[in-house]
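Observations on the model geometry
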Amino acid sequence: MKEISELNLPDDIRYAEDHEWARLEGDRIRVGLDDYAQDQLGDIVFVELPQIGDTFEKGKEFATVESVKAVVECYLPVGGEIIAVNTALEESPELVNKSPYNDGWFVDVNPSDPSEMDDLMTNAECLEKLKGAD
Amino acid sequence: MLYLPHTSEEIASMLKVVGVDDLDGLFSTVPEDCRLRDNLNLPEALSEWELNDHMASISGSMAVSPEYKVFMGAGSYEHFIPASVSYLLGRSEFVTSYTPYQPEMSQGTLQAIYEYQTLVARLLGMEIATASHYDGATALAESLLMAVRITKKRKVAISSLIHPLYRRVVQTYFNPTGYEVLELKYLKNGMTDFTKLDEMDDLAAVAVQSPNFLGCIENLQAIGERAHAKKALFISSFTEALAYGYLKNPGSQGADIVCGEGQSLGIPQAFGGPALGILASRKEYMRSLPGRLVGQTKDLDGKRGFVLTLATREQHIRREKATSNICTNNSLCALAAAMYMASVGGTGIRELARLNHDKAEYLKKELKKAGFKISFDSPTFNEFVVEFPPDFEVTYKRLLERKIIAGLFLAPYYPELANHYLLCVTETKSMDEMDELVSKLRN
Amino acid sequence: MKESLGTTGLILNEPLLWEKGKKGRCGFSIPRRDVESCPLDEDLTCEGPDFPDLSEVDVVRHYTRLSQWNFGVDSGMYPLGSCTMKYSPKTNEKQAGLSGFSGAHPLLPANLSQGALKIMFEFEQYLAEITGMDATTLQPAAGAHGELTGMLLIYAFHKSKGVRRSKIIIPDTAHGTNPASVTLCGYRPVSVRSNEQGILSAEAIADVMDDDTAGIMVTNPNTLGLFEENIQKIAEIVHSKDGLVYCDGANMNAVMGIVQMGKIGVDIIHLNLHKTFSTPHGGGGPGSGPVCVKRHLESFLPVPRVIQENGRFILAENYPESIDKVSAFHGNFGVMIKAYSYIRSMGPKNLKKASQLAVLNANYIKERLKRTLHLAFDRPCMHECVFSDKYQVAHKVMTLDMAKRLMDYGFHPPTIYFPLVVNGAIMIEPTETESKEDLDQYIEAFKAIVNEARENPDLLHEAPKSCKVKRLDEAAAARKPCLAG
């Protein structure tokens, strides 16, 4: 497992308490799982994603991620309608390990309240929190 | 005591390492008032030789083959088991190992169960099968719950010709859940009446058994089509696995889940257990399956190997969200079934199954000749129902004294079938024995 | 250190069943056909399943080779925590194999099955005595099935009083089967944390116990190998709100003849015959999970029940409050015979001695390894002790690596990564049937591995080296499941 100093936490995205990330891309928000979470889980073998058109409030469970020996539920960092899902994860769940912020994205959300982004942590805040927990 | 290796010197030296004075001192964390002060009130120890005598005398009082001729099936079938199967099954590396959580040290069990899953899937015409369940009844209950999970509907329809004891287990499992179990009645020809399905809504599954409890072979294709028209899953259950050596398998007739009892495949009857719960399904339902699965993979050197897989469905990882609570299953019974299927082989199992069918037909024919009525005219495999005259109970008892068990009395299970008996003939019954049964029934 | 048990040996390769054989072979003596052929309508039949055709020799070699890739208690020490991998006496197998037992049809009339019913009747009483309870059902087929039966009993008990409760309290140290069994029965598990001593405090239970809680499910001794000292107080709290106390008796091997659970507030307990009562685990079963209850729950037990009437045993069905059947027939009778034989061979004194020695063995390992491995709770343990990889993490060596390396030394690893409350848990349950020499050898092996972790961690990362296969790609197996050939 990575040391905290080895973690990749880009500064162009926001982070939720449960290690989902959110990135504003035009008027949609792309969501995925951060480097810390993928590293803790280890080899990811299955990602269960919602369907396009489903809507969730902020903080509601929208996906589950399975590694060989663990399952975690993922909570939507920003409420809204799911407008795209990363179907590549069906065949290649390992993308979440290899490229958590790019090819391993989960869903795109049409946010009902874009300002919910502001409640999320910056990479610096996220790093502080991880250090505190260590 | 031969299973306790410690000498008193060893105990003394170990107590010293632990830092307590005597064996009692090891239990300092058990509060005084929780401790038992007296000795357990159990019989004193027997030597191995005393135990042999004791058990032999108890076992001697049981009515079993070859002394008794048992023409009774109804979910437990007398079949020949090759000595090679019993012998191999006794290998301690199989018998005394735990669930294969450490695959590098358990490749024997893992490959064997993978092979079992494959043979069972082929027998039933399904894509995948689990590593085993407790028995046919619990496999059916788990299949129905699985259908509820997949379809998110709350009712299941099950045939009244599913083994009556299986239906009771299903009801036990369903009682606290709030899901509803509806029953499909049966027709005069001994088959399930599925016309009422059209009036049932919100069905997660339709379940039938074939051959059914009365021995009749159901029209699975037709029932499956009705079930699918109702957007319900079609579950096909069985108690006599050997039937599918000869009969068209449920998978080829539209079944989504197939479940049942594998005892016929090389497992002793043992007063009903341990038996073998079989559960197979189409691959699309893989992640909803209850219980263990073994999968193929490679090791670091690229060599073929096997592991327990998709464990995230299971209770030890997903806890309250698991697809089932099952942990210990009936692995060694699955191994016995695999050894049996491997021994009989594809050619052999068809021949053996046909022999079962033909022998049962012979008895049916002889009974008809003797003037007895075969209750249902639908095709059967190795069991069928006979209607005997109203005073038959006396004859039945007289036959018992002559060490013949002339089938199962059906009235306790189907009150409308008074004087009806379910008879079973397997490859273990010779023509002479059947002739003797018929002649004794006549007198 | 003496020479290690683990060595190299000739391991034979063996293909899959269907990669062997020739059409037309058969390993089964098909009985002579003495009746005419009478074919079924072709619409109903098939050509037969696609099984390989093998000779008896093909089959015997196949499974003999496969068996040699396995490790069992008969091969060596197998100290899986919470699994009680004790030696399975051979006489038990012989008794279960007696034709009167193995050949018996489950629906035989009672007058033709007195032997089986007598065994079941007596065995129920023995288990009730060992647990200090009043009545027993033998129908559950394994531990988790016993748990479900127990939950159904709780459900039926409250239902008979006209109430429906929705929650069951479960400590964070519980086996995964506990919350799963509770959910299957329609209850919601409420998790409670154990205290800094690794056990439940009465206060924690008082905080969550309410009128909507049906009861508590507590493993005692718990999965940290610690006796739940506050059990009596906890039972009082639960009972005061009309709840019931369920004990997961998976760890009963620590306290036979020492604690009768029925006397300290437990209402229901299940036992694992394949743990405490020496029946072999068979690579994953069959087990047997009898459930013992106090008198007030007896009328809810599954039917039929074996009762004695005028010196004869009968199967009685007439219990209107019963939860009804949990197995098609009588449960895993063959397993019961083995456990019955064990109890008769041991007698009351040796059963107690077995528990004492199981606890002695675990404490001995705990004392001798606690400076080598981090001990999660440094206090007297029962039949198992829990360490962690805390001291090895600095060398990037984890519990898994040490476990795999143990195989090269000729031992089965302990239970790892459970209980969940200890990070990197290493849970060792030696059982009473391991001798001091065997324990010493295990301890020395562990010490050697910890040295290797410091000096040559790659030895551990690459372990095992001596098994049939090296570490397997479990991620690949789960990503693209191949479940049948």
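Residues numbered from 1 in each chain as written. Chains lettered and ligands numbered in written order. Predicted model: local features only at pLDDT ≥ 70, side-chain atom pairs only at ≥ 80, totals over all residues. Heavy atoms only, no water.

**Examining the overall build of chain C**
Convention followed: Counting from the N terminus, the helices are DSSP H or I runs at least four residues long and the strands are E runs at least two residues long. For the radius of gyration, the atoms used are the C-alpha atoms, and the globule rule reads 2.2 Å times the number of residues raised to 0.38. Only protein chains enter the accessibility calculation, which uses a 1.4 Å probe. A residue is then buried if its area is under 20% of the maximum for its type, exposed if over 50%, and partly exposed in between. By the convention used here, residues are in contact when the closest approach between their heavy atoms is within 4.5 Å.
Counting its secondary structure elements, chain C contains 13 helices and 13 strands. Whereas a compact globule of 485 residues would reach a radius of gyration of roughly 23 Å, chain C reaches 25 Å, a difference of no more than 12%. If one aligns the C-alpha atoms of chain C with their principal axes, the spans along those axes are about 75 × 60 × 45 Å. A buried classification covers 67% of the 485 residues belonging to chain C. Of the contacts formed within chain C by residues at least 6 apart in sequence, a portion of 71% connects residues at least 24 apart.

**Looking at the sheet that holds strand β7 (residues 71-75) of chain A**
All names here are of chain A. Applicable threshold: Here, any two strands with at least 2 DSSP bridges between them count as paired. Geometry is summarised by axes, namely lines fitted to C-alpha atoms with helices restricted to the contacting stretch, and by angles between N-to-C directions that run from 0 to 180 degrees.
Overall, antiparallel pairing links the three strands, which are arranged β4-β6-β7 in an open sheet. The strands lining the two open edges of the sheet, one partner per strand, are β4 (44-48) and β7. In this sheet, adjacent strand axes meet at a mean angle of 20 degrees when their direction is disregarded.

**Observations regarding the interface of chain B and chain C**
Condition: Buried area is understood as the total, over both parts, of accessible area removed when two parts are fitted together, assessed with a 1.4 Å probe. Any carboxyl oxygen of Asp or Glu within 4 Å of a side-chain nitrogen of Lys or Arg constitutes a salt bridge here. We define a polar contact as two N or O atoms separated by no more than 3.5 Å, with the added condition that, inside protein, one atom must be a possible hydrogen donor and the other a possible acceptor, whereas residues neighbouring each other in sequence contribute only through side-chain atom pairs. Three categories are distinguished: nonpolar for Ala, Val, Leu, Ile, Met, Phe, Trp, Tyr, Cys and Pro, charged for Asp, Glu, Lys and Arg, and polar for the others, with Gly belonging to the last.
Across the contact, 180 residues belong to chain B and 203 residues belong to chain C. Each partner contributes to the roughly 16,600 Å² buried at the junction of chain B and chain C, and carbon and sulfur atoms together form 65% of this total. In this assembly, chain B and chain C are joined by nine salt bridges. A salt bridge links Arg33 of chain C to Asp358 of chain B; the shortest N-O distance between them is 2.8 Å. For the pair chain B and chain C, the number of links is 82 residue pairs in polar contact (both at pLDDT 80 or more). Per element, the largest residue contribution to the side of chain B that touches chain C is 26 residues, and it comes from helix α10 (residues 331-369) of chain B. Here the residues of the side of chain B that touches chain C are counted per class, giving 92 nonpolar, 56 polar and 32 charged.

**Things to note about the pattern of salt bridges**
Tallying each qualifying case throughout the model produces 58 salt bridges over all chains. Residue Arg318 of chain B is joined to Glu66 of chain A by a salt bridge in which the shortest nitrogen-to-oxygen separation is 2.5 Å. Here Glu66 of chain A lies in strand β6 (residues 61-67) and Arg318 of chain B lies in helix α9 (residues 315-318), a pairing that spans two chains. Each member of the pair Arg318 of chain B and Glu66 of chain A is classed as buried. Here Glu366 of chain B and Lys369 of chain B are joined by a salt bridge, their closest N and O atoms 2.9 Å apart.

**Overview of the interface of chain B and chain A**
If you look at the interface, chain B gives five residues, while chain A gives ten residues. For the chain B face of the interface with chain A, the top three residues by lost area are Arg287, Thr312 and Arg318 of chain B, together amounting to 66%. Inspection of the chain B/chain A interface yields three salt bridges. When grouped by side-chain class, the residues that make up the side of chain B that touches chain A number one nonpolar, one polar and three charged.

**Considerations on the nonpolar core**
What counts, and what does not: Put simply, a nonpolar core is a bunch of buried Ala, Val, Leu, Ile, Met, Phe, Trp, Tyr and Cys residues held in one set by side-chain atoms that sit within 4.5 Å of each other. How far each domain reaches was decided by an automatic or database domain assignment.
Judged by nonpolar contacts, the single largest core of 225 residues is most densely connected at Leu144, Leu363 and Leu367 of chain B together with Phe123 and Phe277 of chain C. If one sorts the elements of this core by residue count, helix α9 (residues 333-369) of chain C sits on top with 18 residues. Both domains that meet at this core, namely domain 1 (69-81 + 345-442) and domain 2 (83-340) of chain B, each give it at least three residues.

**A look at the sheet that holds strand β15 (residues 420-424) of chain B**
Two strands in a sheet stick together by hydrogen bonds in their backbones, pointing the same way (parallel) or opposite ways (antiparallel). Residues and elements named next belong to chain B. Taken together, four strands build an open sheet; the order of strands is β11-β12-β15-β14 and the sheet is antiparallel. Two strands close off the open sheet at either side, each with one partner strand: β11 (373-374) and β14 (408-409). Packed onto the sheet, α10 meets β11, β12 (383-387) and β15 and runs at close to 10 degrees relative to β12.

**As for a negative patch on the surface**
Residues and elements named next belong to chain C. Basically, it comes down to this: Here a patch means residues that are over 30% exposed by relative accessible area and free of salt bridges, tied together within 9 Å if like-charged and within 5 Å if nonpolar (Val, Leu, Ile, Met, Phe, Trp, Tyr). Areas reported here follow the Shrake-Rupley algorithm with a probe of radius 1.4 Å; residue values treat only the protein chains shown as occluding. By the counting scheme adopted, Arg and Lys are positive, Glu and Asp are negative, and His together with the chain ends is not counted. Charge placement uses NZ in Lys and CZ in Arg. For Asp and Glu, CG and CD serve respectively.
Together, Asp41, Glu42, Asp43 and Glu47 make up a negatively charged patch on the protein surface. Following the sequence through the fold, Glu47 ends up in the segment before α1 (56-67). We classify Glu47 as exposed; its relative accessible area is 70%.

**Observations concerning a nonpolar patch on the surface**
Among the surface-exposed residues, Met1 of chain A together with Met398 and Tyr417 of chain C lie close enough to one another that they form a single nonpolar patch of about 280 Å² accessible area. With respect to the helices and strands, the residue Tyr417 of chain C is situated in the loop between β12 (415-416) and β13 (425-428). On the accessibility criterion, Tyr417 of chain C (33% relative accessible area) is partly exposed.

**Digging into the packing of helix α11 (residues 392-401) of chain B against helix α12 (residues 431-442) of chain B**
All names here are of chain B. Filter applied, for reference: An angle counts as roughly parallel when it lies under 35 degrees, as roughly antiparallel when it exceeds 145, as roughly perpendicular when it falls between 65 and 115, and as oblique in every other case. In this scheme, a crossing is called left-handed if the near helix is turned counterclockwise away from the far one by less than a right angle; it is called right-handed if the turn is clockwise.
It is at 10 Å that the axes of α11 and α12 come closest, and there the two elements cross at 135 degrees. Accordingly, the angle class assigned to the pair α11 and α12 is oblique. Crossing handedness for the pair α11 and α12: right-handed. Residue-level contacts link Phe392, Thr395, Arg398 and Leu399 of α11 to Leu437, Lys440 and Leu441 of α12. Looking at side-chain class alone, the contact of α11 with α12 contains four nonpolar, one polar and two charged residues.

**Considering helix α5 (residues 143-160) of chain C**
Residue and element names in this part refer to chain C. Stated formally: A helix is expected to reach a length of 1.5 Å times the quantity of its residues less one.
For α5, with 18 residues, the first-to-last C-alpha span of 26 Å sits near the 26 Å given by 1.5 Å per residue. α5 sits mainly inside the fold: 16 of its 18 residues count as buried. The first or second residue beyond α5 is Gly162, which carries a positive phi of 80 degrees.

**A short note on the environment of Thr372 of chain C**
Residues and elements named next belong to chain C. Looking at the element boundaries, Thr372 is found in the loop between α9 and β10 (374-375). When the C-alpha positions of Thr372 and Pro304 are compared, they lie 53 Å apart, and in sequence the two are 68 residues distant. Look past the residues within four positions of Thr372 in its chain and what remains in contact with it is Tyr391, Gln392, Phe446, Lys447 and Val450.

**Things to note about the side chain of Ser331 of chain B**
Within the secondary structure layout, Ser331 of chain B lies in helix α10. Apart from the residues lying within four places of it in its own chain, the contact partners of Ser331 of chain B are Thr109, Ile113 and Ser132 of chain B together with Gly282, Gly283, Gly284, Gly285 and Pro286 of chain C.

**Section: unusual backbone geometry**
For residues that are not glycine, phi is negative in most cases, and the peptide bond is trans in most cases. In this structure, Pro66 of chain B follows Ser65 of chain B across a cis peptide bond, with omega equal to 5 degrees. Checked against the element boundaries, Pro66 of chain B lands in the loop between α2 (48-59) and β1 (69-70). Between Phe418 of chain C and Pro419 of chain C the backbone carries a cis peptide bond, its omega angle lying at 0 degrees. If you trace the backbone, Pro419 of chain C turns up in the loop between β12 and β13.

**Thoughts on the packing of aromatic side chains**
Put simply, the rule reads: To pair, rings of Phe, Tyr and Trp, with the six-membered ring standing in for Trp, must have centres within 6.5 Å; the planes then decide the type, stacked if under 30 degrees apart, edge-to-face if over 60, and tilted in the middle. In this analysis the charged atom, NZ for Lys or CZ for Arg, is taken to sit over a ring once it is within 6 Å of the ring centre and within 35 degrees of the ring normal.
Inspection of the entire model under this criterion finds 27 aromatic pairs over all chains. Arranged with centres 6.2 Å apart and planes meeting at 45 degrees, the rings of Tyr98 of chain B and Tyr101 of chain B form a pair that is tilted. The buried category is assigned to Tyr98 of chain B, whose relative accessible area is 5%. Note on Phe238 of chain B and Tyr244 of chain B: the rings are 6.0 Å apart at their centroids and 80 degrees apart in plane angle, and the pair reads as edge-to-face. Overall, Phe238 of chain B belongs to the buried group, its relative accessible area being 0%. Through successive ring pairs, a cluster of aromatic residues spans Phe372, Phe388, Phe392, Tyr396, Phe409 and Tyr421 of chain B. A cation sits over an aromatic face here: Arg30 of chain A above Trp105 of chain A, 3.7 Å from the ring centre. The side chain of Arg287 of chain B reaches across the aromatic face of Phe46 of chain A, ending 3.4 Å from its centre.

That is the geometry; function is a separate question.
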